[in-house]
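Structural features, examined
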Amino acid sequence: MMTHRQIKETFIRWFFFATAFVSILVLFLILVFLFMEGVPIFSKVSVWKFLFGTNWYPTASPPDFGIFPLLVASVAVTTFSALISIPLGVMTAIYLAEIASARMREIAKPVVELLAALPSVVIGFFGMVVMAPFLQDYLEIPTGLNLFNASLMLAFMSVPTICSISEDAIYSVPRELKEASLALGATHWETIYRVIFPASLSGISTGVILGMSRAVGETMVVLMVAGGAALVPTSIFKPVRPMPASIAAEMAEAPFRSDHYYALFATGIVLFLFTVLFNLLADMVAQKHKQVGAATL
Amino acid sequence: MGGGKGECMVPSRVFSSRSSVFGPSRDSGREAVGRGSGPGPARPVSGTGFRRRLQVVVFTLFRGAAVVNGLVLLVILGFLAWNGWRSVSWTFLTQAPTNSMTAGGIFPCIAGTFLLSFGAMVVAFPWGVASAVYLHEYARPGMPVRMIRLGVTNLAGVPSVVFGLFGLALFVTWMGLGVSVLAGVLTLGALVLPVIIGTAEEALKAVPATYREASLALGATKWQTIYRVVLPAAFPGMLTGAILAVSRAAGETAAIMFTAAVFFTPHLPSSLLDPVMALPYHIYVLATAGTNIEATRPLQYGTALTLILMVFGMNLVAIYYRARLQRRF
């Protein structure tokens, strides 16, 4: 027989479980509503043609709904930004965790955090009014709003993510490993390179994946800086139109529940699946190579 | 999930969670090993000159990477401050735009941004805290918890434009709220939920187990312990998370583009079902689609500077407050 107290406790426990479950519910609802508004386009265009059609002319008649150029643009922008953000983020993380003195860290940490706090629209604005004219004049290219500029701006959006998660990973490397390496006569750098880096590689990978996931989904920067041409880019200085930019730019103009509207939601599905994939991958890496203690290595 | 790795993924967008960033606990142990390896002459290392020189070169490179981050922040801030400070005046902050948005102030945008970001907090804060309480105080390792954590992680990774689409489909269309404050608040609430859960959980983690044990030993039930002991102790930490979440919601653009924000509305919203103007969207509109993009540059700089001062102000408060909190337990 349960006492009044026990019944109340059980009830409260279930209440908290229900609220915690809402996160999954929201995720589920996002999926449901994206599909509800996006799937109708596939009665007009096959999934294959939608994904790999190279013409995106949603307002022409007859319209073309091939998001391949947008897909390529998203992948290209993310890849190039990763080329900048991974070395920068990981190196900063190693600096913060291993090299910086306590006082330097107290200055450098907030800098990275403030970099993370910069609203994306401000970074986009900066890319538009400062970086673009600069690139245009300096490199003598037709437009400064291009793949390169967008990648550069995106890189600084993913650096904080990569940096802070990597730093956590480096910090959680058991101290014994480091001491053992130093005791064997290795220099500090050799210890970092041969012991600490391999031991924290899974955490660093998680950070890198999440940083890239942030770059794929980032909207305002690519909307303002990438140039907006829905073409498969032939050079790094060509304007592009990544998926988020296309959605954000066209949604206002697309008539409600028109094919264009459905196509934009379907693009949203692709984008959503992209980021979910990134996140699951990050979770898998983190789970598989979880550092438990010194004994596991 | 247990280990530190899983938890640090959730709040990856805010960086607020690592409770011991400034904490003496983490540094004191490490100092013993890494002492003297900071600026200045390298720690005496056994080995040839080449190995030592290599270390100096590599460490300089790493220091350079950190400096690059600082420079980028400085350049962006400096540029906005340099170009924007002339535009920001009392009238700019307290007046509405005039002449089809080519002159006047940004008061409706400031009001709209406040409304949206604090509204989002009203929705997300209780919910996030309750979720965190479940995850940290009640949950036992197992499938349901693993699913919830995975859900939170994935929610944190959903692009803001997808949140915008979601808000458009569910709140604006399906629930019939229209483009309104309420639709925007709900969308932003969903967006910052993972941030709140992550920081609230960190705050709960920082409450020493002895507090709970003492309360339970006195005969309190689990709920009484949480309500009377754990939550009050964790509340300040949760508050810093809330501040960071507000700042994130304030800077968010893509999620409110289709759900709450409009180019221009002549009056302030009188109900939750009215659309609003918002600072980030205002910057975007003026910079890309305004009636005269070049002529409104000063307005754009001014608006961007105002937004960044708001966001950074909140972040600095949170960082400072958190650093103080860490000396508490």
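Note that the structure is predicted; figures quoted are calculated from it, not measured.

1. Examining the packing of aromatic side chains
Per the counting criterion, the structure on display carries 27 aromatic pairs over all chains. An angle of 45° between the planes, with centres 5.7 Å apart, marks the rings of Phe16(A) and Trp223(B) as tilted. Of this pair, Phe16(A) sits in helix H1 (residues 4-38) while Trp223(B) sits in helix H10 (residues 222-251), each in a different chain. Accessibility expressed as a relative area gives 6% for Phe16(A), which makes it buried. Plain terms: the ring middles of Phe134(A) and Tyr138(A) are 5.3 Å apart, the flat faces sit at 10° to each other, and that makes the pair stacked. Remark: Tyr138(A) and Phe134(A) occur in helix H5 (residues 120-139); sequence separation between them is four residues, near one turn of the helix. Lying over the aromatic face of Tyr138(B), Lys222(B) brings its terminal NZ or CZ to 5.5 Å of the ring centre.

2. A closer look at the confidence of the model for chain B
Residues and elements named next belong to chain B. On average, chain B scores 82 in pLDDT, and the residues at 70 or more come to 83%. Every residue in residues 1-42 scores below 50 in pLDDT, and together they form 106 contacts with partners more than four places removed in sequence or on other chains. Two numbers describe this predicted complex: its pTM, 0.85, and its ipTM, 0.90.

3. Some thoughts on the side chain of Asn154(B)
Within the element layout of this structure, Asn154(B) appears in helix H6 (residues 143-157). Among residues more than four places away in sequence, those in contact with Asn154(B) are Leu27(A), Val276(A), Asn279(A) and Leu280(A).

4. What to know about the interface of chain B and chain A
Chain B puts 106 residues into the contact, and the matching count from chain A is 103 residues. Both sides together, the interface formed by chain B and chain A hides about 9500 Å², and carbon and sulfur atoms give 73% of it. Along the contact surface separating chain B from chain A lie three salt bridges. Arg51(B) serves as the salt-bridge partner of Glu190(A), at 2.6 Å between the closest nitrogen and oxygen. Where chain B meets chain A, there are 13 residue pairs in polar contact (both at pLDDT 80 or more). Considering each element in turn, the side of chain B that touches chain A owes the most residues, 19 residues, to helix H3 (residues 49-84) of chain B.

Thresholds applied
Residues numbered from 1 in each chain as written. Chains lettered and ligands numbered in written order. Predicted model: local features only at pLDDT ≥ 70, side-chain atom pairs only at ≥ 80, totals over all residues. Heavy atoms only, no water. Phe/Tyr/Trp six-rings, centres within 6.5 Å; stacked < 30°, edge-to-face > 60°. Helix = DSSP H or I, 4+ residues; strand = E, 2+ residues; numbered from the N terminus. Buried < 20%, exposed > 50% of the residue type's maximum accessible area, 1.4 Å probe, protein only. Lys NZ or Arg CZ within 6 Å of the ring centre and 35° of its normal. pLDDT = per-residue confidence, 0-100. Contact = heavy atoms within 4.5 Å. Buried area = accessible area lost by both parts, 1.4 Å probe. Salt bridge = Lys/Arg side-chain N within 4 Å of Asp/Glu carboxyl O. Polar contact = N/O pair within 3.5 Å; in protein donor to acceptor, adjacent residues only side chain to side chain.

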